[in-house]
Amino acid sequence: MLRLSKVLNKHSANIRNLSILRTKTPKYDTVFEVGREIEGFVVKEVRPIADFQLTALRLEHQKSGADYLHIDRNDTNNVFSVAFRTTPKQSNGLPHILEHTTLCGSKKFPCRDPFFKMLNRSMANFMNAMTAPDYTFYPFCTENQSDYYNLMSVYLDAVFNPMLRESDFRQEGWRLEHKDVEDKNSPIEIKGVVYNEMKGVYSDNQQIYNEHFLNNILPSNTYGINSGGDPNVIPSLTHSDLVAFHHRYYHPSNSRFYSYGNFNLGNHLKFLNDTFLKDCLTDLSIKQETKVPNEKRWTKSKRAHVACREDPMVPKDKQSSLSIGTLWSDITNTQETFELAILSRLLLNGPNAKFYKTLIEPNIGTDFSAATGFTDQTRDTFFAVGLQGLNISDFERVESIYEDTIKSVIKEGFDNRDIDNILHSVELSMRHQTSNFGLQLLYGTLPIWNHDGNILDSMCVSEKIDEFKKKLSNQPNYLQSLVDKYLLNNNHKLVMTMSPENNFEESRKENEDKLLKEKLAPLTDADKENIYRQGLDLRKQQDATQDVTCLPSLSLNDLKKTTDSVPLIRENINNTPVFIFPQPTNQVTYFRSLINTSHLSDDLKTLIPLFSNVVTRMGTRSMDFRQFDQLVRKSTGGLQMSQSIIDSPTNLFNMKESVILNSHCLDKNVDEMFDLWKQIFTEVTFEDENRFKTLLQEEASSLANSISGSGHMYAMLCATAGINPIDAQRETYGGLQYVSTMKKIAQIDDLTSILKKLEEIGAKILNKNTMKCSLTVVENNSTAIKGLESFLNTIPGNWNQLNEYNKIDKQDNNVKCFHHVLPFSVNYCAKALPGVHYVHKDFAPLKVLCKYLSSKYLLPTVREKNGAYGSGASLSMSGSIQMFSYRDPKPIETFEAFDGVCNWVNNKKITIEELNEAKLAIFQGIDHPVAPMSKGNALFFNDMDQQIKQEHRNQIMNVKIEDLLSVANLYFSNTNFSKALIGPANNDIHSGTNWNVTNHEDL
């Protein structure tokens, strides 16, 4: 389950830049004419949307007044969602905790946590529940029709008929409980899944900044509080508050239903009406009560400041942020919002953008501030720009640059080429293909729909482009007029700063302790006895065997028996291996290339990730980086290069060290795309040190900011590096070691030596010597093949790769436990054990066992009992067994759980039903929808042909219970393990074990 923070919302795909699958939408049956009544619903509007080759239907339920949006499209990945407008008045996390608690059991499905149990009884490729600042929604996606109605039943009963047991509220929200549940003499603590989740959120400076920015620029209504919950306020929420909120706002009259895909709408409506809505009555007062009014515009600007923790991964004198934001349009004005989104991109995106030139290139800070961007997810949209990685002394300078930039834009206007490039990107994104279009469409329309905007209008992108072009033609200074209105002469302006406080973490802990004392002070002996009894009761419920027979489930017989084949044409062009995958690409050409880098020296290999990040953004001998970027945006969706280590599916400790090239374009622009790659290969230059410093600062800042949100990934990589030599390489190139390396390089004054090494890397790998290529194109697209041939004819080198894989010797490491001390209030734990390679006979049973452990052991133990936000086990392609926890308050207990796997498995009677559930969960990943552009990836990158994939499928199907017991005792009892912990100092965890402690605050 996920809380949609401002940052997540801001970067979610929206309707203005969604991609599509190539489909043909049939004319909708005349039964769905406007005004017709079908299964209790009245058709309000039917509109074909040619831009996305779909038909949109808007309906309303007659009795309840519920809204319904159906998207009819020839897409097998069908989506369903139910949403409610939830506008809390306090920061006690009520809608967030309710989102969790509704999924803990319902009238028809009274077992504990049916949501998590359905993860293993379904073929859904997406299941979640999310809380935004002003709405809560429950979406899922599946290709199986029986599965679709199974999930509809569970989801709808959860939201309309939840049990809302107090014990579930205490588990998911907050509770007072003894540290040791069975020892009434142990101290009483505040526990709870959401409580600990939000403590983790408040450990992230960027999250703190974003939340406060939203609260301060829209202070008068629901956006002025934290819908996810402030850890200091969450313990004020009561169970009765939760029940009352649900009774009032989870009402059909406040609901918005969404369905998408090729399943029959009439069946959806009948199921919904007969099962849940036919006896409901309309309550129009709910929508009026939850309606979010426009923010009253200020008459003068305001300022705000927020404190944060010191970040040891960032230089001490560069840890402040400043952002300047102004309120823009009403989200329901979809035309203006579309135009303002274009304006935002002109101001911010890429080296030719106005604020990029004036704020980023002078290297005052390290990157744009976290709040930077156009936020079109709230009732009033807003724009913000600023810098992070600042010294406090630069605040006034940034504000001055902001004002000067706005005045310059009004005076000089925008380059028409940049406007055309943005419109080109919109056209390309409309053709670009994804496998989850229906879900992305929901993300884009729901914020508008939530405020009663015209969602069908919002989908008509071509009409909006035409209207925008008409305005530019009639009023050449139209964009400047928007800048004048919304930036220069806008009194609703917020200037917000953030700086670290030396005692921030101490103050947070003092507030936490104070809150606990306030909760404990009025307790009588009887109250304390009740807390003890409640703790025992909750533990008893958590330990109880659940009767899940009430839950629907697919069976393995519902799955396909064979792996889908992918058409392939192998060519050899200019002695270079080329894979051509004919696919319905909707007039888009997709190019990928793999260049082996194993021949580079170790000192150069450590810089490959940095090289890959900057090489397409440095410019060439004939064009500076701005000119080159302009051509890239004119003709392509971008040129990307990334470092990659690819494991051999057939041999352990064998890997391909590579860089991957990736780009796509409209078919008509294929020659221009390959010409741009040719210039990178033959003319790239690393002479502009200032440009390089800018890109370096961005990279170092981005890496430092990523740790708190992806701590479990860093922990797993750190742990696997201790037992697997290939993962040790990954840790060097992408783990905390790489984060530290980038921090050090970013502080070097003279970067000449680094630039020379990057130039040397380019000389060694930008050729055909170890290069193979892939094209995914519509069948018989000879133009793309000729374009690739021309590219290969003009770059140096000749294929001489005898073996793409190289074997890495395993190195003994006496230190097996690593603690990275960072000032977080929660922990990220991981344990790694040696496993086997992909085609090994034990890979399949280990994979099934990991799924089984995740749902039956780690989830109940680490999440439900210990309060971590998440926990699981997995088996990587490198052959490493991994267990992890996320935002974990109890690392000692978690490592005990990791160590106790064998005992638990041997004492647990595994049933055939549980085995099949674990297999079903694995096939969710194997059989998930794949976009045409990605269908050849497994073969091209991983050398996994149809035979290997089919054998793996058969092995998963044939795993038996005794196989799980065998591999559990063989692999999980291995004393050759490694552990990693990312989090605050913890002396207790180090006792009795040799831990390598890295205190990043001391570096």
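Keep in mind the model is a prediction, meaning the values are calculated, not measured.

1. Overview of the overall build of the protein chain
Point 1. Assigned secondary structure in the protein chain consists of 37 helices and 31 strands.
Point 2. Seen through its C-alpha atoms, the protein chain measures out along the principal axes to roughly 80 × 70 × 65 Å.
Point 3. In the protein chain, buried positions account for 63% of the 1003 residues.
Point 4. In the protein chain, of all internal contacts separated by at least 6 residues, the share reaching a separation of at least 24 is 82%.
Point 5. Of the roughly 37600 Å² that the protein chain leaves accessible, carbon and sulfur atoms contribute 47%.
Point 6. In the protein chain, 109 positive and 121 negative side-chain charges are present, and the distance between their average locations comes to 2 Å.

2. Focus: the domain arrangement of the protein chain
Point 1. Looking at the protein chain, the domain boundaries give domain 1 (31–290), domain 2 (302–435 + 446–500), domain 3 (569–800) and domain 4 (816–999).
Point 2. The straight-line distance from the C-alpha centre of domain 2 to that of domain 3 is 29 Å.
Point 3. On the side of domain 3, 35 residues touch domain 2, which itself brings 28 residues to the contact.
Point 4. Remark: the boundary between domain 2 and domain 3 carries 1 salt bridge.
Point 5. For R626, the salt bridge is made with E361, and the minimal N-O distance between the two is 2.2 Å.
Point 6. Taken together, the connections running from domain 2 to domain 3 amount to 23 residue pairs in polar contact (both at pLDDT 80 or more).
Point 7. Counting residues per element, the side of domain 2 that touches domain 3 draws most heavily on helix α14 (residues 416–431), at 8 residues.
Point 8. Split into classes, the residues belonging to the side of domain 2 that touches domain 3 amount to 9 nonpolar, 10 polar and 9 charged.

3. Some remarks on the sheet that holds strand β28 (residues 870–875)
Point 1. Taken together, the 6 strands give an open sheet; going across it, the order is β28-β29-β27-β30-β26-β31, and neighbouring strands pair in mixed fashion. At either margin of the open sheet sits one strand with a lone partner, and together these are β28 and β31 (995–999). Ignoring which end each strand starts from, the neighbouring axes of this sheet average 10° apart.
Point 2. Here helix α26 (residues 711–721) sits on the sheet and contacts β26 (817–821), β27 (827–834), β29 (880–888) and β30 (978–983); the angle it forms with β27, its principal contact strand, is near 35°.

4. Considerations on the packing of α26 against helix α27 (residues 725–734)
Point 1. Close contact between α26 and α27 brings their axes to 7 Å; oriented N to C, the two are set at 135°. With respect to α27, the axis of α26 lies oblique. Between α26 and α27 lies a crossing of left-handed hand. Residues Y714, L717, C718, T720 and A721 of α26 form the contact with α27, whose own contacting residues are D727, A728, R730, E731 and G734.
Point 2. Broken down by class, the residue content of the contact of α26 with α27 amounts to 5 nonpolar, 2 polar and 3 charged.

5. Observations regarding the pattern of salt bridges
Point 1. Counted according to the given criterion, the structure contains 50 salt bridges.
Point 2. With a closest N to O distance of 3.7 Å, R58 and E45 form a salt bridge. With R58 in strand β4 (residues 54–61) and E45 in strand β3 (residues 41–49), this pair connects stretches of sequence that are 13 residues apart.
Point 3. For E45, a relative accessible area of 17% translates into the label buried.
Point 4. As a salt-bridge pair, R417 and D415 come within 2.8 Å of each other at their nearest N and O atoms.
Point 5. You can call D415 partly exposed: its relative accessible area is 26%.
Point 6. Each of E45, R47, R58 and D457 takes part in a single network of salt bridges with overlapping partners.

6. A closer look at the state of the cysteines
Point 1. A full pass over the atoms with the stated rule returns 0 disulfides.
Point 2. Cysteine C773 remains unbridged, with the sulfur of C665 as its closest cysteine sulfur at 14 Å.

7. Observations regarding the UniProt feature "domain: Peptidase M16C associated" (unreviewed entry) in the protein chain
Point 1. UniProt marks residues 498–745 with the feature "domain: Peptidase M16C associated" (unreviewed entry), using the numbering shown here.
Point 2. Within residues 498–745, the helical portion is 49% and the strand portion 19%, while the C-alpha atoms at the span's ends are 25 Å from each other.

8. Notes on the packing of aromatic side chains
Point 1. Summed over the entire model, instances satisfying the criterion amount to 47 aromatic pairs.
Point 2. Seen from their ring centres, F80 and F257 are 6.4 Å apart, and the 35° between their planes marks the pair as tilted. You can see F80 sitting in strand β6 (residues 78–85) and its partner F257 sitting in strand β12 (residues 255–261), a full 177 residues away along the chain. Of the two residues examined, F80 and F257, each falls in the buried class.
Point 3. Seen from the ring of F437, R73 lies directly overhead, with NZ or CZ sitting 4.2 Å from the centre.

9. Here we look at helix α34 (residues 912–926)
Point 1. Taking 1.5 Å per residue, 15 residues should reach 21 Å; α34 reaches 21 Å between its end C-alpha atoms and fits that length.
Point 2. Looking at α34, one finds that the buried residues are E914, L915, E917, A918, K919, L920, A921, I922, F923 and Q924.
Point 3. Next to the buried residues of α34 lie α31 (843–865), α36 (946–958) and α37 (961–971).

10. Quick notes on α14
Point 1. Its 16 residues place the ends of α14 23 Å apart at the C-alpha level, agreeing with the 22 Å of an ideal helix rising 1.5 Å per residue.
Point 2. Within the sequence span of α14, burial applies to D418, I419, N421, I422, L423, H424, V426, L428, S429 and M430.
Point 3. Tucked into the core, α14 has its buried residues touching α11 (334–348), α17 (461–474), α18 (478–488), β21 (588–596), α23 (625–635) and β23 (654–666).

11. Focus on a negative patch on the surface
Point 1. Among the surface-exposed residues, D624, E687, D688 and E759 lie close enough to one another that they form a single negatively charged patch.
Point 2. Locating E759 in the fold gives a position in helix α29 (residues 752–765).
Point 3. Classification of E759 as partly exposed rests on a relative accessible area of 49%.

12. Regarding unusual backbone geometry
Among all residues save glycine, negative phi is the norm, and among peptide bonds the norm is trans.
Point 1. The phi angle at D452 is positive, at roughly 65°, despite the residue not being glycine.
Point 2. With respect to the helices, strands and loops of the structure, D452 is situated in the loop between α15 (437–450) and α16 (455–458).
Point 3. At N574, a position not held by glycine, the phi torsion is positive, near 55°.
Point 4. Assignment of secondary structure puts N574 in the loop between β19 (569–573) and β20 (576–582).

Rules used in this analysis
Residues numbered from 1 in each chain as written. Predicted model: local features only at pLDDT ≥ 70, side-chain atom pairs only at ≥ 80, totals over all residues. Heavy atoms only, no water. Helix = DSSP H or I, 4+ residues; strand = E, 2+ residues; numbered from the N terminus. Buried < 20%, exposed > 50% of the residue type's maximum accessible area, 1.4 Å probe, protein only. Contact = heavy atoms within 4.5 Å. Areas by Shrake-Rupley, 256 points an atom, 1.4 Å probe, with all protein chains shown as cover. Lys, Arg positive; Asp, Glu negative; His and termini not counted. Charge placed at Lys NZ, Arg CZ, Asp CG, Glu CD. Domains from an automatic or database assignment. Salt bridge = Lys/Arg side-chain N within 4 Å of Asp/Glu carboxyl O. Polar contact = N/O pair within 3.5 Å; in protein donor to acceptor, adjacent residues only side chain to side chain. Nonpolar A, V, L, I, M, F, W, Y, C, P; charged D, E, K, R; others polar. Pairing = 2+ DSSP bridges. Axes fitted to C-alpha atoms, helices over the stretch in contact; angles between N-to-C directions. Parallel < 35°, antiparallel > 145°, perpendicular 65-115°, else oblique. Left-handed = near helix turned anticlockwise from the far one by under 90°. Disulfide = S-S within 2.5 Å. UniProt positions renumbered as here; feature names shortened; annotations may be inferred. Phe/Tyr/Trp six-rings, centres within 6.5 Å; stacked < 30°, edge-to-face > 60°. Lys NZ or Arg CZ within 6 Å of the ring centre and 35° of its normal. Expected span 1.5 Å × (residues − 1). Patch = residues over 30% accessible without salt bridge, like charges linked within 9 Å, V, L, I, M, F, W, Y side chains within 5 Å.

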